[in-house]
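Listed here are the chains, written in short residue letters.
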Amino acid sequence: MSALEPLDVAAIEAERTRIRDTHLASDRPASSARGVHHVALLSADVERTVRFYQGILEFPLTEVIENRDYKGSTHFFFDVGNGNLLAFFDFPGLDLGPYAEVLGGLHHLAISVDPTTWQRLRERLDAAGVDYEEESGSSLYFRDPDGARVELLAEPLGEMYGHSVR
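Residues numbered from 1 in each chain as written. Predicted model: local features only at pLDDT ≥ 70, side-chain atom pairs only at ≥ 80, totals over all residues. Heavy atoms only, no water.

A. The overall build of the protein chain, seen in detail. When you go through the protein chain residue by residue, the secondary structure sums to three helices and ten strands. For the protein chain, the sequential pattern of α-helices and β-strands runs α-β-α-β-β-β-β-α-β-β-β-β-β. Out of the 166 residues in the protein chain, the part that is buried amounts to 28%. Within the structure as shown, the protein chain displays about 11,200 Å² of accessible surface, and the carbon and sulfur contribution to it stands at 54%. Separation between the mean location of the 15 positive side-chain charges and that of the 28 negative ones in the protein chain comes to 4 Å. (Helix = DSSP H or I, 4+ residues; strand = E, 2+ residues; numbered from the N terminus. Buried < 20%, exposed > 50% of the residue type's maximum accessible area, 1.4 Å probe, protein only. Areas by Shrake-Rupley, 256 points an atom, 1.4 Å probe, with all protein chains shown as cover. Lys, Arg positive; Asp, Glu negative; His and termini not counted. Charge placed at Lys NZ, Arg CZ, Asp CG, Glu CD.)

B. Structural view of the sheet that holds strand 7 (residues 139-143). Strands sit in the order 5-8-7-6 across an open sheet of four strands; the sheet is mixed. Sheet topology places strand 5 (109-112) and strand 6 (132-135) at the edges, where each strand pairs with a single neighbour. Direction aside, neighbouring strands of the sheet carry axes that sit 20° apart on average. The pairing of strand 5 with strand 8 (residues 149-153) spans four bridges and is classified as parallel. Opposite Ala 110, over in strand 8, you have Glu 151 as the bridge partner. (Pairing = 2+ DSSP bridges. Axes fitted to C-alpha atoms, helices over the stretch in contact; angles between N-to-C directions.)

C. Fine view of the packing of aromatic side chains. Scanning all chains against the criterion turns up ten aromatic pairs. Here Tyr 70 and Phe 91 contribute two aromatic rings whose centre-to-centre distance is 5.3 Å and whose plane-to-plane angle is 75°, an arrangement assigned as edge-to-face. Residue Tyr 70 is located in the loop between strand 2 (61-66) and strand 3 (74-79), and its partner Phe 91 is located in the loop between strand 4 (85-89) and strand 5; the two are separated by 21 residues in the primary sequence. Aromatic ring contacts, followed pair by pair, group Phe 52, Tyr 53, Phe 59, Phe 76, Phe 78, Phe 88 and Phe 142 into a single cluster. (Phe/Tyr/Trp six-rings, centres within 6.5 Å; stacked < 30°, edge-to-face > 60°.)

D. Spotlight on the environment of Arg 122. Inspection of the secondary structure puts Arg 122 in helix 3 (residues 115-127). Judged by its relative accessible area of 24%, Arg 122 is partly exposed. The sequence separation of Arg 122 and His 23 amounts to 99 residues, and the corresponding C-alpha distance is 38 Å. With residues near it in sequence (within four places) discarded, Arg 122 still touches Tyr 132, Glu 134 and Leu 140. (Contact = heavy atoms within 4.5 Å.)

Given below as structure tokens:
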């Protein structure tokens, strides 16, 4: 199917309903996971990444260590709340090229903040000259210094648009 052919939205909704009815159990068991330990992204410049995530977004830097998988590479972490970490690697000496959002790759990273913090961080993005798109009065989408798409969401964990997703 080419991108120009019309979608059969009714068939897509019917399939979504079938999947929900087949797999979404009201009495589902507890997850085998304890939570997200960290999500790892790439950084072309450690200092620039720290200034952005800690300096603008107020995510405290928690550790800076050598990446065990690549000699000379830095692995560093930011606290994004609730025991979750956002991690980065740099790969000095490798030309990774610019960030590319591709099908099958990372689309965006959504981070929950309370509404007061959301407004403050919006003002900090403005002051830093970071372009963003605002959606539904509760989402800010922007790109980090390496081009990864980040969303600040003024919704509680486990909710989307006032609807429970957990």
